[in-house]
Amino acid sequence: MIKASSAKNSYLSYCDENLRRRLLLFVSVTTALFPTLSSSGKTKSKNPYDEKRLLEQNKRVQKENNAPEDFPTFIREGFQVNVVTPENYIKSDSGLIYRDFEVGKGDCPKDGQQVTFHYVGYNESGRRIDSTYLQGSPAKIRLGNNALVPGFEQGIREMRPGGKRRIIIPPELGPPVGPSTFFSSKQFEVFDVELLSVQDCQRRTIGFYSDVVCN
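Residues numbered from 1 in each chain as written. Predicted model: local features only at pLDDT ≥ 70, side-chain atom pairs only at ≥ 80, totals over all residues. Heavy atoms only, no water.

Draft legend 1. Spatial organisation of the nonpolar core. Core analysis: the largest hydrophobic core is formed by 17 residues, its most contacted members being F117, Y119, F152, I156, I169 and V193. Looking at this core, the elements that each hand over two or more residues are β5 (114-122), α5 (150-157), β8 (164-169) and β9 (189-199). When residues no more than four places from it in sequence are discounted, the contact partners of I156 are P109, V115, F117, L143, I167, V193 and L195. (Core = buried A, V, L, I, M, F, W, Y, C linked by side-chain atoms within 4.5 Å. Buried < 20%, exposed > 50% of the residue type's maximum accessible area, 1.4 Å probe, protein only. Helix = DSSP H or I, 4+ residues; strand = E, 2+ residues; numbered from the N terminus. Contact = heavy atoms within 4.5 Å.)

Draft legend 2. Spotlight on the pattern of salt bridges. This structure, assessed with the given rule, holds eight salt bridges. Among the salt bridges present, the one from R99 reaches D70, with a minimum N-O distance of 3.0 Å. Of this pair, R99 sits in strand β4 (residues 97-102) while D70 sits in the loop between α3 (51-64) and β1 (73-77), and the two are 29 residues apart along the sequence. We classify R99 as buried; its relative accessible area is 15%. Judged by its relative accessible area of 31%, D70 falls in the partly exposed class. A cluster of three or more residues bridged by salt bridges with shared partners is formed by D100, E158 and R165. (Salt bridge = Lys/Arg side-chain N within 4 Å of Asp/Glu carboxyl O.)

Draft legend 3. Region of interest: the confidence of the model for the protein chain. With 73% of its residues at a pLDDT of at least 70, the protein chain reaches an overall mean of 78. Ranking the helices and strands of the protein chain by mean pLDDT puts β8 first, with 97, and helix α2 (residues 37-46) last, with 39. Residue range residues 1-15 is modelled with pLDDT below 50. Its contacts to residues more than four positions away, or to other chains, number one contact. Taken together, the stretch residues 21-48 has pLDDT below 50 and engages in two contacts with residues farther than four places along the chain or on a different chain. (pLDDT = per-residue confidence, 0-100.)

As structure tokens, this is what we get:
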């Protein structure tokens, strides 16, 4: 004769065994139907990077900074930067990105020639950091003397007088960085450039005095 307690224990053991089998079956079926469900959930919670969210956030900041129309957006993920621009921007082999608003006419400037131009400089957030328009006079510089930011000189070399261009300069082609400059390290810089004219230059020597004259 089986005691009541023994029967009860046998019945509970049978139920427990049944329940374990059902749970194993449920896990097997779930895994087969949704093999990446668990891993994708973990990836989402661990990855704070959301390109769409960052894109919208950057656009809001640029609007607050009164960034110009069609200003590029810079999305950072760690040390990687994704530059988002409309399709009418061109990326050169060096990494320089640009867009021509007006092509201009005439010949492109060469080493030794002087270029006269206006520019407005922006940081990644669209905040204006410098402008010759606000200064009241255009900039003048001779090409080939390493007097310009490498990316800026590369961009202006392919312009023609009367041309207007937006130049996006990657950090490797960018300006010097430090506390005495407007620029911070590993940042893209954006310049809107208007090339006014290109002049030939000649060295003039009078007695012991020598200078360069550009006409």
